[in-house]
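Okay, here's what each chain looks like letter by letter:
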Amino acid sequence: MLSPATHTLAQILDSRPSTIHPTSLDIVMSTITVKVEFGGGLELLFSNQRSHRVALPARVPVSYSNPFSPPSAAGAEQGIQNSEDAPKKPVDLSYLIFWLRDNLLKERAELFIENGTVRPGILVLVNDADWELEGEGEYQLKDGDEIVFISTLHGG
Amino acid sequence: MSCGNPVADADALMQRRKKYDKTKNCVKCKVAQGNLVIRHAVYCKECFLHLVVHKFRRTLEPTVNPKPDGPRRTALKPAGNLLVGFSGGLGSSVLLELVHRCYIALDKSTMLADGGSHHPRHERVWKRVSVCYVEVCDAFPGMKDRTEEIARHIKRYDGLDFVSLRIQDAFDLSWWKRVGGKPFSSELGVTLADEDLFLESLASKSSDPLTSLRTYLSSLPTPTAITTSVQTLTRLLLLHTALHTGSSHLVFGTSLTSLAVSLISGVAQGSGFNIREETQEDWTPEPPEVSASEVPEESTNARDSQHEGKKARKGKRTVRVVRPLRDLGMKECAAWAWWSDVPVVGKEKWGWAGARPGIGTLTKDFIVGLEKEYPSTVSTIVRTCGKLAPKGEVSGSCILCARPAQRGVQEWKARISIRSRPPVDPIAALNGPSDPVVEPSPVASAKPLRPSLTPYLCYACHTTLTSKSARPVPSPWPADARSAIVTLPVWTEARLSSAKGDNDRTSHVHGEILQTRRVREEEMKEIVDEFLLDD
Ligand SMILES: [Zn+2]
Ligand SMILES: [Zn+2]
């Protein structure tokens, strides 16, 4: 709804729900593109393709990717809530995880997602750094980021 | 934090400990930005990559010489070659890469700076390095055969010999002969459906290895028993391959995480006595290996020179099993493989339709989940298990898994267990002649004393073969009917047949008689009487 990028900042701000106050200029971009890679056998769940380019909305509904809210309360497991007036936030890694499940995952979601985040045993790298250094699911994605998901579960 | 969401706020109050200590800078070089968090410590990529090599060498190299070094470090002189057990999984892929870099390619980046060019580590340690893959796909329905993929993966490396086996080789007499096993005529089977594990003559002496494997697995009482048995068969195939390739060392890619899983699930399955072997073990084949003429010639030149004089016979050869990645968690292995461009072929889940997850799978899920939330706990488990010193005397090695068996376990087990099924013929059992002949015979069922596999087994294997599930277990191979009498793995058959041919040695080696006796219900009641509560 915020594209194309020729909109002025003022126009965009006007179109936003009044309860949200923008804190940074990243909202001038309506979508961002990130590179997603799978390793350690995890690619098998994603049509055996290791590398993907993914375009995501720059702002997403708050409830969608909140990993700490129970699924029944916030609909975290049910997918994107496209309601126009839902409160929004900058797109984060949690949103990407759900987006991958809903759009790229071909089989057995339980091997990728568990309790609203990646399953234990999956290592996530954000631009070559452990996501634990970057706030895990709360990391705010930037255009051009490289996100790697590596399964450690394929035994010894 | 924003206002509004009460659910999020409630969680915010109970925030978990931050995943890393203090700063995001590397704890080692203190300069670079961190790339990886390992049990709360932050490392940069550069320091981490070196750390993995260091931990690998630090675990493996003190085990290379037959006797541990004194205060002064001596040159690394193994008694034989090296065999790498390769599963295709993450751990063994990392292990193979490390072995190749450190001991074949002699990659400078893997050498310690303090060693200098004259340091012994700059030489090739093992004359020959082999890699052995055991394809288990025939043990589980619908599993993909990865042999070709694995062979291609191993071709990436020069200077390696590849040995490709299949799990059913464990029942293949021709494989047994190929690795120099003592020939025997397969005649005995075990009644796996009967908890007394009687030994009986096999109806047909020549079933093909695949059928034998599937019949064996199908006759086991639980899914846990099936996966544990496949692991044991694989381990023994690798041990005998190590012997055959003249290897003094067999290495596995068991990570800290997988070691914690096998320790916990092992204890849960009754193998507490062998908890040390799970980390490292020295295995000597029993009965002592075969005459020199049958030993493959390639292993001859691999003999350690200092042992040549006094131990010309192959009888005392020992394979040391080492897990050089046991200080590295799965996460470290995954990051190292990713940053070092090591592809992982992958390993499929062991399972089949209708089977509930076994103890191993449940333990793995538990440990991996624990490691995510409490990263230090897993190494604590392994360290704690390392301090355990099992009590009890060793009485030979188990005929099935080849690990040390604890003396007196069978008597103890017989005392505490109450059989639910009455004996076939209690009168005969009480009054029949107590015939000490070990020779099994088809009419043995009428006799009170019948040869049994039980005295030859360790506690864990006995439990694996006999502990029943409350619910019926779907067989992975319904078409292969559960057989009354099941063929045993070749190494077990070989020991049984040598025991049969030499009763004196049997009782000498095992210190126990090869017999079990059915006990009448009244007699059993007498035994347990003092433990019964009045009602
Ligand atoms: Zn560093
Ligand atoms: Zn055993």
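Residues numbered from 1 in each chain as written. Chains lettered and ligands numbered in written order. Predicted model: local features only at pLDDT ≥ 70, side-chain atom pairs only at ≥ 80, totals over all residues. Heavy atoms only, no water.

(A) Region of interest: the nonpolar core. Residues and elements named next belong to chain B. By size, the foremost hydrophobic cluster in this structure holds 61 residues, and its most contacted members are Ile-167, Tyr-216, Leu-250, Leu-453, Leu-457, Leu-465 and Trp-491. Going through the elements one at a time, strand 4 (129-135), helix 5 (173-178), strand 6 (188-190), helix 6 (209-218), helix 7 (223-244), strand 10 (319-322), helix 15 (459-466) and helix 16 (490-501) are the ones with two or more residues in this core. Here this core gets ten residues from one element, more than from any other, and that element is helix 7. Beyond its immediate stretch of four places on either side in the chain, Tyr-216 contacts Phe-171, Leu-192, Ser-229, Leu-400, Leu-465, Val-486, Thr-487, Leu-488 and Pro-489. Residues Leu-96, Tyr-133, Val-322 and Val-345 belong to the second largest nonpolar core, which totals 51 residues. (Core = buried A, V, L, I, M, F, W, Y, C linked by side-chain atoms within 4.5 Å. Buried < 20%, exposed > 50% of the residue type's maximum accessible area, 1.4 Å probe, protein only. Helix = DSSP H or I, 4+ residues; strand = E, 2+ residues; numbered from the N terminus. Contact = heavy atoms within 4.5 Å.)

(B) Fine view of the sheet that holds strand 7 (residues 122-126) of chain A. Residue and element names in this part refer to chain A. Pairing within the open sheet is mixed, and its five strands lie in the order 2-1-9-7-8. With partners counted over all chains shown, the strands left at the sheet margins are strand 2 (51-57) and strand 8 (129-130), one partner each. Sheet topology note: the strand 1 (residues 31-39)/strand 9 (residues 146-151) ladder contains five bridges and is parallel. Within the sheet, the bridge partner assigned to Val-36 lies in strand 9 and is Ile-147. Strand contacts of helix 3 (residues 93-103): strand 1, strand 2, strand 7 and strand 9, with the helix running at about 115° to strand 2, the strand carrying the most contacts. (Pairing = 2+ DSSP bridges. Axes fitted to C-alpha atoms, helices over the stretch in contact; angles between N-to-C directions.)

(C) Focus on the pairing of strand 7 of chain A. Residues and elements named next belong to chain A. Most of strand 7 sits inside the fold, with five of its five residues counted as buried. By the bridge criterion, five bridges tie strand 7 to strand 9 in an arrangement that is antiparallel. Following the sheet pairing, Val-124 is matched in strand 9 by Phe-149. Sheet topology note: the strand 7/strand 8 ladder contains two bridges and is antiparallel. Bridged to Val-126 within strand 8 is Ala-129. A loop of two residues connects strand 7 with strand 8, the two strands running antiparallel in sequence, and Asn-127 in this loop sits at a positive phi of about 45°.

(D) Examining the environment of Ile399(B) more closely. Residues and elements named next belong to chain B. Tracing the backbone through its elements, the reader meets Ile-399 in the loop between strand 11 (394-397) and strand 12 (404-406). Each C-alpha atom, one on Ile-399 and one on Thr-318, is 17 Å from the other, the two residues being 81 residues apart in sequence. Sequence-distant contacts of Ile-399, that is, excluding residues within four places in its chain, are made with Leu-453, Tyr-456, Leu-457, Trp-491, Thr-492, Arg-495 and Leu-496.

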